[in-house]
Amino acid sequence: QVQLVESGGGLVQAGGSLRLSCAASGRTFSNYPMGWFRQAPGKEREFVAAISTIGGYTYYADSVKGRFTISRDNAKNTVSLQMNSLKPEDTAVYYCAAAETATIATTPTAYHYWGQGTQVTVSS
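Please read these numbers as outputs of a predicted model, since none were measured by experiment. (Residues numbered from 1 in each chain as written. Predicted model: local features only at pLDDT ≥ 70, side-chain atom pairs only at ≥ 80, totals over all residues. Heavy atoms only, no water.)

Chemist: Help me out: how do you make sense of the sheet that holds strand β8 (residues 78-83) in this one?
Modeler: Reading across from one edge, β1-β3-β8-β7 is the order of the four strands in this open sheet, with antiparallel pairing throughout. On the outer flanks of this sheet lie β1 (2-7) and β7 (68-73), each paired with one strand and no other. The mean angle between the axes of side-by-side strands here comes to 15°, regardless of whether they run parallel or antiparallel. As paired elements, β1 and strand β3 (residues 18-26) share six bridges and run antiparallel to each other. Residue pairing across strands places Val2 opposite Gly26, the latter belonging to β3. (Pairing = 2+ DSSP bridges. Helix = DSSP H or I, 4+ residues; strand = E, 2+ residues; numbered from the N terminus. Axes fitted to C-alpha atoms, helices over the stretch in contact; angles between N-to-C directions.)

Set out below in structure tokens:
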């Protein structure tokens, strides 16, 4: 089992920045590709970003590319999402997740462990 706890969400004006963090405990964190997803009211959960086990490879949704940066610190068992130039359409609950796959994945079904989510609200 892997336990994940997100933090860092909040209310920010459009154009602002937030940094989300996810703390992991349980099994060896460095074994898992990690991802961030988000879900807005009335919408399906969507992929945001993913990072490989040692952080050498990252992948982003087109909607956040160039604005968001995913990173991880295996020594501290954390994964982060730096969000810049935020837009109102970025408003959602953000979840971190750990995948039991060999490589990063973009579909929610590939991820077996999920945090409880943190709310991000971007005002216009």
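The rest of the description comes next.
Chemist: Please explain the environment of Asp73 as it appears in this structure.
Modeler: As for its position among the elements, Asp73 is in strand β7. Polar contacts involving the side chain of Asp73 include one to the main-chain amide nitrogen of Ala75, which spans 3.1 Å. (Polar contact = N/O pair within 3.5 Å; in protein donor to acceptor, adjacent residues only side chain to side chain.)

Chemist: So what exactly am I meant to see when it comes to the packing of aromatic side chains here?
Modeler: Any pair of aromatic rings gets described here by the distance separating the centres and the angle formed by the planes. For the structure shown, the criterion picks out seven aromatic pairs. Plain terms: the ring middles of Phe37 and Tyr111 are 5.0 Å apart, the flat faces sit at 75° to each other, and that makes the pair edge-to-face. Of the two residues, Phe37 sits in strand β4 (residues 34-39) while Tyr111 sits in strand β10 (residues 111-114), which places them 74 residues apart along the sequence. You'll find Phe37 and Tyr111 in the same group, each marked buried. A centroid spacing of 5.1 Å and a plane angle of 55° characterise the contact between Phe37 and Trp114, whose relative ring orientation is tilted. One end of the pair, Phe37, is in strand β4; the other, Trp114, is in strand β10, and 77 residues separate them in sequence. We classify Phe37 as buried; its relative accessible area is 0%. For Trp114, a relative accessible area of 26% corresponds to the partly exposed category. Put simply, the rings of Phe37, Phe47, Tyr59, Tyr95, Tyr111 and Trp114 touch in pairs and so form one group of aromatic residues. Above the plane of the ring of Tyr95 lies Arg45, whose end atom (NZ or CZ) is 3.8 Å from the centre. When the ring centre of Trp114 is taken as origin, the NZ or CZ atom of Arg45, which lies over that ring, is 4.7 Å away. (Phe/Tyr/Trp six-rings, centres within 6.5 Å; stacked < 30°, edge-to-face > 60°. Buried < 20%, exposed > 50% of the residue type's maximum accessible area, 1.4 Å probe, protein only. Lys NZ or Arg CZ within 6 Å of the ring centre and 35° of its normal.)

Chemist: Which parts of the structure should I look at to understand the pairing of β3?
Modeler: Consecutive residues of a regular strand have side chains that alternate between opposite faces of the sheet. Of the strand pairs in this sheet, β3 and β8 are connected by six bridges, and their pairing is antiparallel. Bridge pairing in β8 places Arg19 opposite Gln82.

Chemist: Please explain the pattern of salt bridges as it appears in this structure.
Modeler: Close approach of charged atoms allows side chains of opposite charge to pair. Tallying each qualifying case throughout the model produces four salt bridges. A salt bridge links Asp62 to Lys65; its shortest N-O distance comes to 3.1 Å. Here Asp62 falls in the exposed class, since its relative accessible area comes to 66%. Residue Lys65 is classed as partly exposed on the basis of its relative accessible area of 48%. The partner of Asp90 in a salt bridge is Arg67, with the nearest N and O atoms 2.7 Å apart. Of this pair, Asp90 sits in the loop between β8 and β9 (92-99) while Arg67 sits in the loop between β6 (58-60) and β7, placing them 23 residues apart in sequence. Each of the two residues, Asp90 as well as Arg67, counts as buried. Where salt bridges share partners, they join Arg38, Glu46, Arg67 and Asp90 into one cluster. (Salt bridge = Lys/Arg side-chain N within 4 Å of Asp/Glu carboxyl O.)

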